[in-house]
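Read off the chains here:
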Amino acid sequence: MIKRGIQTTSCQCKNIRSGIPKTTPFKNKPLSYEEAQPPYRIGVTKAWNSWNTSNLKDEGKTGETTIDDMFIRRFVKGTFHYLLASEVIIKRRHNMIIICGLLFGSYQQRMSHDPKKYYFLIGYSEELLSHFLKCPVKMEFSVVTDKNDMVFKKI
Amino acid sequence: MSNTKILVPLGLTNSLHHRLIITVRLLSTAGNRKNERIRQTRLESTKQEEEKDFRVFQIKGLNPRNKREQRKNDAPKMQPRYMNMKPDDDWTNVWPTASTFKWSAIPFPVRQGYTDNLSENENVTPGRYANTELLKIPNFLHLSPGHIKKHCQVLKDFCTPWPAGLETDELCDQHFPLTVKTRDYCFSSPSVADSRSRLVTVKLKLSDLRLDEHGEDKIKRLLGDKYDPETGEITLNTDRCPLKKQNYDYAMYLLTALYYEAKKVEPWELEKDEADIDKYSWERSQSKRNILKLVQQNEKEESLRERSEDDILSRDEIKSYASSVIELHNEGENYTTINNYKQSVLQLLNVKSQLT
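From a predicted model like this one, the values you see are computed outputs, not experimental measurements.

1. Let's talk about the overall build of chain B
Piece 1. On a plain count of helices and strands, chain B comes out with 13 helices and four strands.
Piece 2. A burial count over chain B gives 23% of its 356 residues as buried.
Piece 3. Look at the contacts in chain B between residues 6 or more apart in sequence, and 50% of them connect residues 24 or more apart.
Piece 4. Entry remark: accessible area of chain B is about 28,100 Å², with carbon and sulfur atoms responsible for 54%.

In structure tokens:
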């Protein structure tokens, strides 16, 4: 058992491209700014998607906050299905959670461009999430008219 | 009755006919006059537009429109707000509270992002529209000078003038010698409670307690390292209770207990020796006794007269000797204290050196 646990060969480090999309032969795969920046550039050319104080020195509740963020992301992705144009950005201020991002002006997607539906979805998620997370939740979305507006780079 | 013919000249009949037609038209359009007017103005406006730029006639079906273009045209077009904003608009009404970046409501150009080469956004920093980076960063657009001014005006009603007689820090310390420090923590979390906020620090100058010499010495011994001899401050940190209020009460209890305990004189305290006192006291020292003995002996030999202790002690040379001894003990040995001690001893023994 002990013998098996000892690693004698050097690590190959083959999988070093996690989070970096592969290029296509005709360079026609569109990427948004968020996707175009590799993970090691977080904090350099792109910012975090979760903004909170739990990772600062002497602050706690890192795990709780992370799990909450995961739940929020799943909820929003499911509720605004086919409507999200960008990643879900979660910002926390005191006990308030602010969820923001970009939505498609949906006429080219499945929903009609009736603003009432958006307002309903926003109100619905705000209400439910604030009940689940026991704190005020605010959603501040902007609308993108076209899918191609998000394209930053083609690979 | 037979038909009657009225003879009217031809020109007149024509004009009459015209008039009739006009009246009939007027009658028929009387109900829809409003609509007619609207139609007229519309026609005029379209005419004006046509005069402005010449429209090309589109033959339907000649050029097949692609789907994207069609959709773009079908979508409701709304002008972003900044297009209609004037330079003298009140910014506080546009951006009243803290909010995520809204690209359409910003009257100035903003760009954020990084591009490596021409393949990325044609090497142009991404603009504000559809820019997620701008959504992420916290902005202070709700804290412009105009906003602050408005906040201050509202808060003015709740402000009271600074109390008279507390202009300087010294005066504040004099009237309010006790300082209580508590902490509140602001952080982003579902719970606003923080265990660190239970801590209470009480600070007080020892001199403000107005204790006598015995009391001061005793309270210093009781306080230990909670007393800072350099600043003369007592610092009490309490964190053993779960709530801030409880810790404050405990600190107050501690302070009261310390004060009264320091005032008390226990019978065993009278057994204190010279070595037990942290500060050298000339009054009880062996040095004083020795000096008295010496002086009294000398007096006896000279004039056989008894002198009172106070008389001896009020002599200048004895006084200077006492002060130099106290200095030497309390301050430690250094050039000046040693020198002072030497001078006072020479004076006391009436030794006159030729060197000095």
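2. Focus: the interface of chain B and chain A
Piece 1. Across the contact, 36 residues belong to chain B and 45 residues belong to chain A.
Piece 2. For the pairing of chain B and chain A, the buried interface totals around 3,300 Å² over both sides, and the portion due to carbon and sulfur atoms is 53%.
Piece 3. If you sort the residues of chain B by the area they bury against chain A, K136(B), S188(B) and P190(B) come out on top, with a joint share of 21%.
Piece 4. Where chain B meets chain A, there are four salt bridges.
Piece 5. For E120(B), the salt bridge goes to K153(A), with nearest N and O atoms at 3.1 Å.
Piece 6. Across the contact surface, chain B and chain A share 14 residue pairs in polar contact (both at pLDDT 80 or more).
Piece 7. Only helix 3 (67–74) and helix 5 (132–136) of chain B provide two or more residues apiece to the side of chain B that touches chain A.
Piece 8. Residue contributions to the side of chain B that touches chain A peak at four residues, all from helix 5 of chain B.

3. Topic: the pattern of salt bridges
Residue and element names in this part refer to chain B.
Piece 1. For the structure shown, the criterion picks out 17 salt bridges over all chains.
Piece 2. For D249, the salt bridge goes to K245, with nearest N and O atoms at 3.0 Å. With D249 and K245 both in helix 9 (residues 244–263), this residue pair falls four residues apart, about one helical turn.

4. Things to note about the packing of helix 12 (residues 316–331) of chain B against helix 13 (residues 335–348) of chain B
Residues and elements named next belong to chain B.
Piece 1. Here helix 12 crosses helix 13 at 155 degrees, and the two axes come no closer than 9 Å. In terms of orientation, helix 12 and helix 13 fall into the roughly antiparallel class. Helix-helix and strand crossings are classified by hand; for helix 12 and helix 13 the assignment is left-handed. In contact with E317, I318, S320, Y321, S324, V325, E327, L328 and E331 of helix 12, helix 13 contributes T337, I338, N340, Y341, S344, V345, Q347 and L348.
Piece 2. Per-class residue counts for the contact of helix 12 with helix 13 are eight nonpolar, six polar and three charged.

5. Some remarks on helix 9 of chain B
Every α-helical turn comprises 3.6 residues, leaving residues that sit three or four positions apart pointing alike.
Residue and element names in this part refer to chain B.
Piece 1. With 20 residues, helix 9 should cover 28 Å at 1.5 Å per step; its first-to-last C-alpha distance of 29 Å lies within 8% of that length.
Piece 2. Buried within helix 9 are the following residues: N247, A251, L255, L258, Y259 and A262. Angular distribution of buried residues about the axis of helix 9 spans 115 degrees; they occupy a single face of the element. Across helix 9 from its buried face, at more than 90 degrees, point the exposed residues K245, Y253 and Y260.

6. Section: the sheet that holds strand 3 (residues 227–228) of chain B
Residues and elements named next belong to chain B.
Piece 1. What the four strands build is an open sheet, ordered 1-2-4-3; its pairing is antiparallel. In this open sheet, the two edge strands, each paired with only one partner strand, are strand 1 (179–182) and strand 3.
Piece 2. Seen against the sheet, helix 9 touches strand 1, strand 2 (200–205) and strand 4 (233–238) and runs at an angle of roughly 140 degrees to strand 4.

7. Some points on the confidence of the model for chain B
Residue and element names in this part refer to chain B.
Piece 1. Summary statistics for chain B give a mean pLDDT of 81 and a share of 79% for residues scoring 70 or more.
Piece 2. When the elements of chain B are averaged for pLDDT, helix 1 (residues 10–29) gives the smallest value, 44, and helix 6 (residues 145–155) the largest, 96.
Piece 3. Scored as a complex, the prediction yields pTM 0.64 and ipTM 0.85.

8. Quick word on the pairing of strand 3 (residues 89–93) of chain A
Note on strand geometry: in a regular strand, side chains alternate between the two faces of the sheet.
Residues and elements named next belong to chain A.
Piece 1. Summarising burial for strand 3: four of the five residues are buried, a large majority.
Piece 2. Direction of pairing for strand 2 (residues 50–51) relative to strand 3: parallel, over a ladder of two bridges. Within strand 3, the residue paired with S50 across the bridge is I90.
Piece 3. The loop that links strand 3 with its antiparallel partner strand 4 (residues 96–104) comprises two residues; one of these, H94, has a positive phi angle of about 50 degrees.

9. Quick notes on the sheet that holds strand 4 of chain A
Working definition: the strands of a sheet are paired by backbone hydrogen bonds and lie parallel or antiparallel to each other.
All names here are of chain A.
Piece 1. Taken in spatial order, the four strands make up an open sheet running 2-3-4-5, and their pairing is mixed. Each edge of the sheet is formed by a strand with only one pairing partner; in this case those strands are strand 2 and strand 5 (137–144).
Piece 2. Pairing geometry for strand 4 and strand 5, over eight bridges, is parallel. In the sheet register, I98 faces strand 5, and the bridge partner there is K138.

About the criteria used
Per chain, residues are indexed from 1 in the order of the written sequence. As a convention, the first chain written is A and the first ligand written is 1, with the rest following in written order. It should be noted that, the model being predicted, local features are given only for residues of pLDDT at least 70 and side-chain atom pairs only at 80 or more, the latter also being counted only at that level, while totals for whole chains, interfaces and linings use all residues. To get the side-chain values, all heavy atoms of the structure are used, and hydrogens and water are removed first. Secondary structure elements follow DSSP: runs of H or I of four or more residues count as helices, runs of E of two or more count as strands, with numbering from the N terminus. For each residue, the accessible area found with a 1.4 Å probe, counting protein chains only, is set against the maximum for its type, and the residue is called buried under 20%, exposed over 50%, and partly exposed in between. Working rule for contacts: check all heavy atoms of both residues, and any pair within 4.5 Å makes them a contact. Per-residue and other accessible areas were derived by the Shrake-Rupley procedure at a 1.4 Å probe size, with only the shown protein chains allowed to occlude residues. Accessible area that two parts lose when put together, with a 1.4 Å probe and added across both, is what the buried area reports. Any Lys or Arg side-chain nitrogen located within 4 Å of an Asp or Glu carboxyl oxygen qualifies as a salt bridge. The definition of a polar contact used here is a pair of N or O atoms within 3.5 Å, where within protein one atom must be able to donate a hydrogen and the other to accept one, and adjacent residues in sequence count solely through side-chain atom pairs. The angle between two axes is taken between their N-to-C directions and runs from 0 to 180 degrees, where each axis is a line fitted to C-alpha atoms and a helix contributes only its stretch in contact. When an angle is under 35 degrees it counts as roughly parallel; over 145 it counts as roughly antiparallel; between 65 and 115 it counts as roughly perpendicular; any other value is oblique. For a crossing to be left-handed, the near helix must be turned anticlockwise from the far one by less than a right angle; the clockwise case is right-handed. Under the scheme applied, nonpolar residues are Ala, Val, Leu, Ile, Met, Phe, Trp, Tyr, Cys and Pro; charged residues are Asp, Glu, Lys and Arg; polar residues are all the others, including Gly. One fewer than the residue count of a helix, multiplied by 1.5 Å, yields its expected span. As used here, the arc is the angular range of directions from the helix axis to the C-beta atoms. Strands pair, by our definition, only if DSSP identifies at least two bridges between them. Looking at any residue, its pLDDT shows the predictor's confidence there, from 0 to 100.

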